[in-house]
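# Overview (structure and organization)
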Amino acid sequence: MSNLSVAEFQQVFPDIYERSTVEVILETAKLKKLRADDWMVDIGDPIVYMPLLLKGQLRILREDEEGHELLLYYIRPGETCAMSLTCCSGNAVSNIRAIAEDDSELLLLPIQIIDEWTTKYPSFKSFILKTYQRRFEELLNTIDSIAFHNLDDRLMQLLMQKSEKEGSVLKTTHLELANQLNSSREVISRLLKQMERKGKIQMGRNKITLL
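Described below are features of the structure shown in this document. Quick caveat: nothing in here was measured; it's all calculated off a predicted structure. (Residues numbered from 1 in each chain as written. Predicted model: local features only at pLDDT ≥ 70, side-chain atom pairs only at ≥ 80, totals over all residues. Heavy atoms only, no water.)

## Examining helix α8 (residues 185–197)
- Over its 13 residues, α8 extends 18 Å from the first C-alpha to the last, a length consistent with the 18 Å expected when each residue adds 1.5 Å.
- Among the residues of α8, I188, S189, L191, L192 and M195 are the ones counted as buried. Angular distribution of buried residues about the axis of α8 spans 165 degrees; they occupy a single face of the element.
- Buried positions along α8 lie against α6 (151–166), α7 (174–180), β9 (201–204) and β10 (207–210).
- Trailing α8 by a residue or two, G199 shows a phi angle of about 80 degrees, which is positive. (Helix = DSSP H or I, 4+ residues; strand = E, 2+ residues; numbered from the N terminus. Expected span 1.5 Å × (residues − 1). Buried < 20%, exposed > 50% of the residue type's maximum accessible area, 1.4 Å probe, protein only. Arc of directions from axis to C-beta. Contact = heavy atoms within 4.5 Å.)

Below is the structure:
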């Protein structure tokens with residue numbers, strides 16, 4: 001049970017507007033806190049909860065057979081993970097890895113109640129459908145970037161995506177960027193140097209400034 005008030009919850013999740021729905025969420029959900037770089041769930045773990053992110057940011061990744069990671073999308077406050085919603089029926093396991101970008105807080109709803117709630121609470125159903133739509137659009141953008149964009153375009157897109165949360169100064173390393181783009185640190189370092197020469201960025205120790 002969470003000690004959040006209805007008003008505090010609705011500030012983060014305005015799409016869930018029915019007071020009765022919010023009250024039952026707060027009564028049922030378990031509050032979980034993650035430190036930066038903590039794993040919320042790993043590939044192969046059983047899916048037992050649907051997360052509702054209150055603070056922070058989660059990074060959602062896939063992994064190929066050789067262990068290379070591919071960034072799918074971020075979960076931000078007011079959002080949930082579409083991948084967990086596909087596991088509402090049956091004892092499914094996770095096919096993604098969710099890692100906290102920074103210190104985060106989330107509410108965990110038991111996955112077995114989601115089907116019932118989407119029928120019982122209209123605003124909760126609307127929230128779920130909007131989540132599917134948003135994630136589908138983001139996944140299409142990811143596919144487009146892999147299929148049609150050069151790596152330097154994908155790198156700049158990733159930096160801009162990070163800047164939406166962190167501002168113009170990004171705390172990251174070349175290796176972290178390489179892992180998220182399924183590339184090597186050497187290739188990413190070379191591209192970043194090219195961007196710096198063109199006046200697009202300025203590099204520092206474990207940080208990149210967008211100009």
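## Remarks on the packing of aromatic side chains
- Applying the stated criterion across every chain, the model contains four aromatic pairs.
- Ring centres of F13 and F127 lie 5.7 Å apart, and the angle between their planes is 80 degrees; this geometry places the pair in the edge-to-face category. In this pair, F13 is assigned in the loop between α1 (6–12) and α2 (19–28) and F127 in helix α5 (residues 122–148), connecting sequence segments 114 residues apart.
- Looking at F13, the relative accessible area reads 1%, which means it is buried.
- For the pair W117 and Y121, a centre-to-centre distance of 5.8 Å together with 90 degrees between the ring planes defines the contact as edge-to-face. A single burial state applies to W117 and to Y121, both of which are buried.
- Each residue in the set F9, F13 and F127 is aromatic and connected to the rest through ring pairs, giving one cluster. (Phe/Tyr/Trp six-rings, centres within 6.5 Å; stacked < 30°, edge-to-face > 60°.)

## Comments concerning the side chain of T21
- Note on placement: T21 falls in helix α2.
- The exposure class assigned to T21 is buried, which follows from its relative accessible area of 0%.
- Residues within four places of T21 in sequence aside, it is in contact with I16, Y121, S123 and F124.

## Considering the sheet that holds β9
- Taken in spatial order, the three strands line up as β8-β10-β9 in an open sheet, and their pairing is antiparallel. Each edge of the sheet is formed by a strand with only one pairing partner; in this case those strands are β8 (169–170) and β9.
- The sheet contact formed by β8 and β10 spans two bridges and is antiparallel. Across the sheet, L170 pairs through a bridge with I208, a residue of β10. (Pairing = 2+ DSSP bridges.)

## Quick word on a positive patch on the surface
- On the surface, a cluster of positive charge is contributed by K193, R197, K198 and K200.
- Relative to the helices and strands, K193 resides in helix α8.
- Judged by relative accessible area, which is 46%, K193 ranks as partly exposed. (Patch = residues over 30% accessible without salt bridge, like charges linked within 9 Å, V, L, I, M, F, W, Y side chains within 5 Å. Areas by Shrake-Rupley, 256 points an atom, 1.4 Å probe, with all protein chains shown as cover. Salt bridge = Lys/Arg side-chain N within 4 Å of Asp/Glu carboxyl O. Lys, Arg positive; Asp, Glu negative; His and termini not counted. Charge placed at Lys NZ, Arg CZ, Asp CG, Glu CD.)

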